[in-house]
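Tertiary structure, described
So the chains spell out like this:
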Amino acid sequence: MNTKKKIVRGGTLVSATGITAGDLLIVGEKIAAQAAPGILDAAAVDEVIDAQGMLVLPGLIDPHVHFNSPFMGTVTVHDYENGTQAAAFGGVTTIIDFSTQPKGGSLLANLEQKEEEARGRTYIDWSMHGILLDAGTQTLAEIPELIQEGVPTYKCFTTYKHAQRMVQDDDIVALLEVTARHGGMLMVHCENDSIIEYSIRQALAAGNYAPIYHARTRPPEAENIAIQRVVDLMRQVTAPVYIVHTSTAQSVEIIAKARMDGLPLHSETCTHYLALTEEYLLGPKGNFYICSPPLRKQADVDALWQAARAGFLEVVSTDDAGVPPEDNLRLSQGRFDKTPNGIASIETRLDILHSEGVCKGKITWPQLVALTSTNPARLFGLYPQKGHLAPGADADLVLYNPNSKWIMGAEVLHMNTSFCPFEGWEISGQVDSVLVRGQDVIRNRKLVGQPGFGRRVFRRLEA
Ligand code: URP
Ligand code: ZN
Ligand code: ZN
């Protein structure tokens, strides 16, 4: 058992509610105390970690990643080892991946398999959500068991009919009903498939194959309508719902209204929707910016920042789902509709949110911590074990140097891909050190952790 005592000294502690100069005492895997600067007894501990000039944050949680995930003829670039290593370099101490129900099969069986894949391989802590492809008798019967297993959140799609992933309204109603009864949370990827399929047929008939037509054929309305539909269904059968990767200005209005009406509706956006516009689809690397929902316009980006600031968007995740660039090009055959969807960005979230958000006055540091650590911990049943710096919490910490200046690019990052969506961007701030449950994983920007140290986290939603 780890009983080592450490002091993190001289840093500035950032929480979701404020910023204060202070030191931390770590005993074993836990934070044991927060103290005024300099009062903890250095002679009584095994190690003093110098955090002078650093911001000390609770470790980031990424509740939306796709590791080793087959999709559209290829498999995502990150597995549990290289994905969690890159995550750690980006200040992430817990990820939540997905276990996908095989069509007509058992989600629980897949979960076992997927957990076996992760076990013994990760640098940081981890958990899974389910992905449900139907709401048949077996699926509905498995949901309470899933929740018992510490996996109380599961996602369905209102699109991707071509990949046999789409569910219908009656499935959503059944899923809401069982969710309400057993205390889970349904996550929904919201895009109206009929609008998309119709628009794709029109675009192809007109000979429009370029990446920008990915955005043109998945218009904001497709997302807005699908979110509105879920909200309308929730009014009939009320259960907690989390909308993944919200990307449009109008969708946040729908979400804000539903929340003000008292519905238990939650939502996230992702790093790329806050930092990139559809213009990137017109560039020479347009193919690699194809993700769903697609990148939007500047007015949407502005509305997302506003909603993140106001608290209507509660989480920023990455939706890390990059595919090998060579597979992207090979499978696309020059057509946007054949291009595998997904962008790798597991490592970039903290630096982009700092540079584009905090440094430009769009969010504050406490808001950044809320969006990336405290809120995901609370919403996904990791709190109070994770997501804050209070005594009793896991000692998951990031020491962040806000004054570092560097240029982001695939060469300097640690993601398993030669494509970086923010290639050449000037970044302010850099992760210096990361601890997971009191153990060094990154120290002075070097990897010192071990694959296999990461532990599966049992999740239970707050009542
Ligand atoms: O483009 C994306 N987002 N790919 C991953 C699958 C999903 O819809 O999250
Ligand atoms: Zn999705
Ligand atoms: Zn996703």
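The structure this text deals with has already been given above.
Only a predicted model underlies this, so the values are computations on that prediction, with no experimental measurement involved.

**Observations concerning the coordination of the zinc ion (ligand 2)**
Surrounding the zinc ion (ligand 2) are the protein donor atoms His-189 (ND1) and His-245 (NE2), which sit 2.1 Å from the metal. Metal-centred angles of 56 to 148° between the 4 donor atoms at the zinc ion (ligand 2) mark the site as irregular. A separation of 3.7 Å is found between the zinc ion (ligand 2) and the zinc ion (ligand 3). Here His-189, found in strand 14 (residues 185-189), pairs with His-245, found in the loop between strand 15 (241-243) and helix 8 (249-260); they are 56 residues apart in sequence, far enough to count as distant. With relative accessibility at 1%, the residue His-189 sits in the buried group. The class of His-245 is buried, set by a relative accessible area of 2%.

**Concerning the site of ligand 1**
In the vicinity of ligand 1 lie 13 residues, with His-66, Tyr-160, His-189, Ser-292 and Asp-319 positioned nearest. Asp-319 is positioned with one of its side-chain polar atoms (N or O) 2.7 Å from a nitrogen atom of ligand 1. Taking a 2 Å distance to the grid points as the criterion, the majority of the atoms of ligand 1 fall inside the largest cavity. Along the lines of polarity and charge, the residues of the shell around ligand 1 split into 4 nonpolar, 7 polar and 2 charged.

**Observations concerning helix 8**
For the α-helix, the turn length of 3.6 residues means that residues three or four positions removed from each other point alike. For helix 8, with 12 residues, the first-to-last C-alpha span of 17 Å sits near the 16 Å given by 1.5 Å per residue. The inward-facing, buried residues of helix 8 contact helix 7 (220-236), strand 15, strand 16 (265-270) and helix 10 (298-310). With its phi angle positive at about 95°, Gly-262 sits one or two positions after the end of helix 8.

What counts as what
Residues numbered from 1 in each chain as written. Chains lettered and ligands numbered in written order. Predicted model: local features only at pLDDT ≥ 70, side-chain atom pairs only at ≥ 80, totals over all residues. Heavy atoms only, no water. Donors = N, O, S within 2.8 Å, 3.2 Å for Na, K, Ca; no water. Tetrahedral: all angles 85-135°; square planar, octahedral: opposite > 155°, others 65-115°. Helix = DSSP H or I, 4+ residues; strand = E, 2+ residues; numbered from the N terminus. Buried < 20%, exposed > 50% of the residue type's maximum accessible area, 1.4 Å probe, protein only. Near = heavy atom within 4 Å. Polar contact = N/O pair within 3.5 Å; in protein donor to acceptor, adjacent residues only side chain to side chain. 1 Å grid on protein atoms, 1.4 Å probe; cavity = no way out; pocket = protein on both sides within 12 Å on 5 of 7 lines; lining within 4 Å. Sits in = over half its atoms within 2 Å of the grid points. Nonpolar A, V, L, I, M, F, W, Y, C, P; charged D, E, K, R; others polar. Expected span 1.5 Å × (residues − 1). Contact = heavy atoms within 4.5 Å.

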